[in-house]
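Spelled out, the chains give:
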Number of protein chains: 2
Amino acid sequence: MTEQSTRLTRIPEKARFERADLDQLLDTVHIGHVGVIVDDLPVVFPTAVARDGDRLLIHGSTGSPWMRRVADGAPVSIAVTGFDGLVVARSAFESSIHYRSAVLFGTCQHITDAADKAHCLDQITGALLPGRLVELRPPTKKELAATLVMALPIERWSLKVSAGWPDDPPDDVAGPAWAGVIPAWISYGDPIAAPDLTAGIAVTPSVQRFAENRSSDPR
Amino acid sequence: MTEQSTRLTRIPEKARFERADLDQLLDTVHIGHVGVIVDDLPVVFPTAVARDGDRLLIHGSTGSPWMRRVADGAPVSIAVTGFDGLVVARSAFESSIHYRSAVLFGTCQHITDAADKAHCLDQITGALLPGRLVELRPPTKKELAATLVMALPIERWSLKVSAGWPDDPPDDVAGPAWAGVIPAWISYGDPIAAPDLTAGIAVTPSVQRFAENRSSDPR
C-alpha cells in the first residue's frame, strides 16, 4: 500500500487558516472555555458561545466575579473545542484524539447598548436552539439588567483540526495491533417535558426539529 | 418513574463539595481545558486529562511552548466540563444548559521519574480507552523523551452541576410555551479500520467493548 493511500487526503493534525473553517466550528459547538487572569492567577470556566458575524458572544450573570472581570476588559483567551473521536493507533504514543480546536485571543467588548444587547442575547438563544426565539416572550428589563453580554472580536485566533488516520511507523504497521478510528459526536435524546408543564401544551417546532436531527454526526 | 426522571429532580444549579462527585466527572470526561499565563496574557488550550488518585494527569509534546510553560511550574487552572443537555425554559433568560463543571487550580508537578512517567502515560491511555494498554507494545525511550507528563494535585477545586428542570416564574409557567429538557451525551460510532491495517487483524477487545457501549448515556 502506498504512502499516499495510507494518508488518504487528510493529514493527522493540521493548522487551518481559513476563516470559513473557524466559522464552521463556532457555528456548531456552543460551549466555550474562557481563560482570564484574576488576582494574578489564571482561571478557566465554561460558558455558552455564539458567533455573530465577526464577534464571538458570551453572556453571564452580573453576580459572577469572573464574568465581571471579562466585562471590565481583562484580556481573555476563549477555546472552542469539538471532540470528534478516538484515534486508536498501534502504540500509546501515536494514539490520540480527533478534534477541532479554536483558540481566540483579545479583549471583550462589554455590550451596554440596549438594542445591541438584546440582539446579542437573541443570537445566543437562536444558536443554542434554532427557531426557539420566536416561541418566547421578549426579555424583561429586569432580566436584561441582570445579564452581562460580552463580545470578543474574531481577529486573533488559531485553529487546529485533527482528523486523520493513525500515523504509525512501519514497524508498528507490520505488527499485530488493530488500528483505526472510533468516531464520536454529541447525541440528543427525546425532549422531556417539565413536570410543571400545563397539560395539553405540545412540543414546540424548534424542539421538535432539534429532536428529529438528534444523534446525527454533525460534521 | 424512570431513573432518568429521578435524576432530573435535582435543583437547577448546585455547587458540589463531595470528592466522589468530582471523581465521577474526572473519570468520565477526558477532555480538559488548561489555562496558563504566557507573556502576561491568558491562554486556554484543550488536552486529554485522566485522574490518578489525587492528581489530574495531562501530557503533551516537548515541542509545545504552552505545555512547557505548564511543566515549568506556571500556575494553572484546568476545567473539565460535561455537556449533558439543553434546558428549554419558557423564557430565554431561564433557558440554560445541563452540565457538570469542575475547575481545578494549582501548579503542575513535572513528572520526570521514569517509572512514574510511564505509569502516568499508562493511566492516560487506559482512561481514554479502557483495556487498550495490554494490547500495545511499551513506549520506547525516544517516545518517552518526546513527551511531557504533568500532574496537578487535586487540592483546590470547585464543582458545579446543573441538572434541574426549567425554573420559570409562575407567570411564565401559566403561559403557552413548552418547557423541558433535551438530554445530550457523547455517542461513538462503529470503529473504522485504518486503511493500512494488515488484512485479517480483527477489532481488538478494548475497541470492541467500547463500541458495544457506544451511544449510551454515560451519566
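None of the values given here were measured: they were computed from a predicted structure.

Conventions and cut-offs
Residues numbered from 1 in each chain as written. Chains lettered and ligands numbered in written order. Predicted model: local features only at pLDDT ≥ 70, side-chain atom pairs only at ≥ 80, totals over all residues. Heavy atoms only, no water. Pairing = 2+ DSSP bridges. Helix = DSSP H or I, 4+ residues; strand = E, 2+ residues; numbered from the N terminus. Contact = heavy atoms within 4.5 Å. Axes fitted to C-alpha atoms, helices over the stretch in contact; angles between N-to-C directions. Buried area = accessible area lost by both parts, 1.4 Å probe. Salt bridge = Lys/Arg side-chain N within 4 Å of Asp/Glu carboxyl O. Least-squares fit on C-alpha atoms with pLDDT ≥ 70 in both. Phe/Tyr/Trp six-rings, centres within 6.5 Å; stacked < 30°, edge-to-face > 60°. Buried < 20%, exposed > 50% of the residue type's maximum accessible area, 1.4 Å probe, protein only. pLDDT = per-residue confidence, 0-100. Core = buried A, V, L, I, M, F, W, Y, C linked by side-chain atoms within 4.5 Å. Arc of directions from axis to C-beta.

Q: Teacher, can you tell me more about the sheet that holds strand S4 (residues 50-52) of chain B here?
A: Within a sheet, adjacent strands bond to each other through the backbone by hydrogen bonds, running parallel or antiparallel. Residue and element names in this part refer to chain B. Taken in spatial order, the 4 strands line up as S4-S5-S9-S8 in an open sheet, and their pairing is antiparallel. Lying at the two open borders of the sheet, with one neighbouring strand each, are S4 and strand S8 (109-110). In this structure, S8 lies alongside strand S9 (residues 147-153), joined through 2 bridges in antiparallel fashion. By the bridge assignment for S9, Gln109 is matched with Ala151. Packing of helix H4 (residues 114-128) onto the sheet brings it into contact with S4, strand S5 (55-61) and S9, and relative to S5 it is tilted by some 95 degrees.

Q: I keep staring at the interface of chain A and chain B and nothing clicks. Help me out?
A: Where interface size is given, it is often the accessible area lost as the parts come together that is meant. At the interface, 79 residues of chain A touch 77 residues of chain B. Interface area for chain A against chain B, summed over the two sides, is near 6,700 Å², with a carbon-plus-sulfur share of 70%. Taken together, the connections running from chain A to chain B amount to 4 salt bridges. We note a salt bridge from Arg90 of chain B to Asp196 of chain A, for which the minimum N-O separation is 2.9 Å.

Q: Is there a simple way to explain the relation of the copies chain A and chain B in this structure?
A: Note: a rotation about an axis with an accompanying shift along it relates these two copies of the chain. Superposing chain A onto chain B takes a rotation of 180 degrees combined with a translation of 0.0 Å along the rotation axis, leaving an RMSD of 0.0 Å. Both chain copies can therefore be described as sitting about a two-fold axis. Residue Ile186 of chain A, judged by its C-alpha, is the member of chain A lying nearest the rotation axis, at 2.3 Å. Mapped onto chain B, 96% of the interface residues of chain A are again interface residues, and the two copies thus contact each other with one and the same surface.

Q: Would you mind going over the packing of aromatic side chains with me for this structure?
A: Per the counting criterion, the structure on display carries 8 aromatic pairs over all chains. Taken together, the ring pairs connect Phe45 and Trp66 of chain A together with Phe105 of chain B into an aromatic cluster.

Q: Help me understand unusual backbone geometry in this model?
A: Negative phi characterises most residues that are not glycine, and trans characterises most peptide bonds. Residues and elements named next belong to chain A. Here Asp40, not a glycine, exhibits a phi torsion of approximately 65 degrees, which is positive. Structurally, the position occupied by Asp40 is in the loop between strand S2 (31-38) and strand S3 (41-48). On the basis of relative accessibility, which here comes to 68%, the residue Asp40 falls in the exposed class.

Q: Explain the side chain of Thr125 of chain A here, please?
A: With respect to the element layout, Thr125 of chain A can be found in helix H4 (residues 114-128). For Thr125 of chain A, a relative accessible area of 12% translates into the label buried. In contact with Thr125 of chain A, other than residues within four places in its own chain, are Leu133 and Leu136 of chain A together with Ala92 of chain B.

Q: Before we go on, may I ask you to explain the confidence of the model for chain A in this structure?
A: Atom-level detail of predicted coordinates should not be read off regions where pLDDT is low. All names here are of chain A. Mean pLDDT over chain A: 92, with 91% of residues reaching 70 or higher. In the predicted structure, residues 1-11 sits below a pLDDT of 50 and forms 13 contacts with residues beyond four places in sequence or in another chain. Scored as a whole, the predicted complex attains pTM 0.93, and scored at its interfaces, ipTM 0.92.

Q: It is not clear to me how the nonpolar core should be interpreted in this structure. Could you clarify?
A: One broad trend across soluble globular proteins is that nonpolar side chains are buried collectively. In this structure, Leu56, Val70 and Ile78 of chain A together with Leu56, Val70 and Ile78 of chain B are the most contacted members of the largest nonpolar core, which totals 66 residues. Once residues lying within four places of it in the same chain are set aside, the contact partners of Leu56 of chain B are Leu26, Val49, Ala50, Arg51, Ile78, Val80, Leu104, Met150, Ala151, Leu152 and Ile154 of chain B. Listed in part, the 25 residues of the second largest apolar core include Phe83 and Ile182 of chain A together with Ala50 and Val207 of chain B.

Q: I would appreciate a short explanation of the pattern of salt bridges in the present structure.
A: Pairing between side chains of opposite charge can happen when the charged atoms of each approach one another. All names here are of chain A. On inspection of all chains with the given rule, the structure shows 26 salt bridges over all chains. Notably, a salt bridge pairs Arg100 with Asp84, separated by 2.7 Å at the nearest N-O pair. Taken together, the positions of Arg100 in strand S7 (residues 96-107) and Asp84 in strand S6 (residues 75-88) put the pair 16 residues apart, joining distant regions of the chain. Several salt bridges converge on common partners, so that one network encompasses Arg19, Asp23, Asp27, Arg51 and Asp54.

Q: What is the right way to look at the pairing of S3 of chain A in this model?
A: Successive residues of a regular strand alternate their side chains across the two faces of the sheet. Residues and elements named next belong to chain A. Of all the 8 residues making up S3, 6 are buried; the element is thus mostly covered by neighbouring parts of the structure. As defined by bridge partners, S2 adjoins S3 across 8 bridges and the pair is classed as antiparallel. Each bridged residue has a counterpart across the sheet, and for Gly32 the counterpart in S3 is Thr47. A loop of 2 residues connects S2 with S3, the two strands running antiparallel in sequence, and Asp39 in this loop sits at a positive phi of about 55 degrees.

Q: What should I look at first to understand the sheet that holds strand S9 (residues 147-153) of chain A in this one?
A: Residue and element names in this part refer to chain A. A sheet is described by the order of its strands in space; here 4 strands give the open sequence S4-S5-S9-S8, paired in antiparallel fashion. The open sheet has two edge strands with one neighbour each: strand S4 (50-52) and strand S8 (109-110). In this structure, S4 lies alongside strand S5 (residues 55-61), joined through 3 bridges in antiparallel fashion. Its bridge partner lying in S5, Asp52 is registered against Arg55. Contacts between H4 and the sheet are confined to S4, S5 and S9, with S5 contributing the most and set at about 95 degrees to the helix.

Q: Just checking my understanding: could you explain the environment of Gly106 of chain A for this structure?
A: Residue and element names in this part refer to chain A. Of note, Gly106 is situated in strand S7. In sequence terms Gly106 and Arg137 are 31 residues apart; their C-alpha atoms lie 34 Å from each other. Residues within four places of Gly106 in sequence aside, it is in contact with Ala74, Pro75, Val76, Leu152 and Arg156.

Q: Would you mind going over the environment of Ser96 of chain A with me for this structure?
A: Following the sequence through the fold, Ser96 of chain A ends up in strand S7. Contact partners of Ser96 of chain A, with chain neighbours within four places excluded, come to Leu86 and Val87 of chain A.

Q: Could you clarify how one ought to interpret helix H7 (residues 205-212) of chain B in this entry?
A: What sets the pattern is the α-helix's 3.6 residues per turn: residues three or four places apart point alike. For H7 of chain B, every residue scored as buried is listed here: Ser206, Val207, Phe210 and Ala211 of chain B. Seen from one end, H7 of chain B has its buried residues packed into an arc of 130 degrees, which puts them on one side. Considering only its buried residues, H7 of chain B is in contact with S6 and strand S11 (180-188) of chain A together with H4 and strand S11 (180-188) of chain B.

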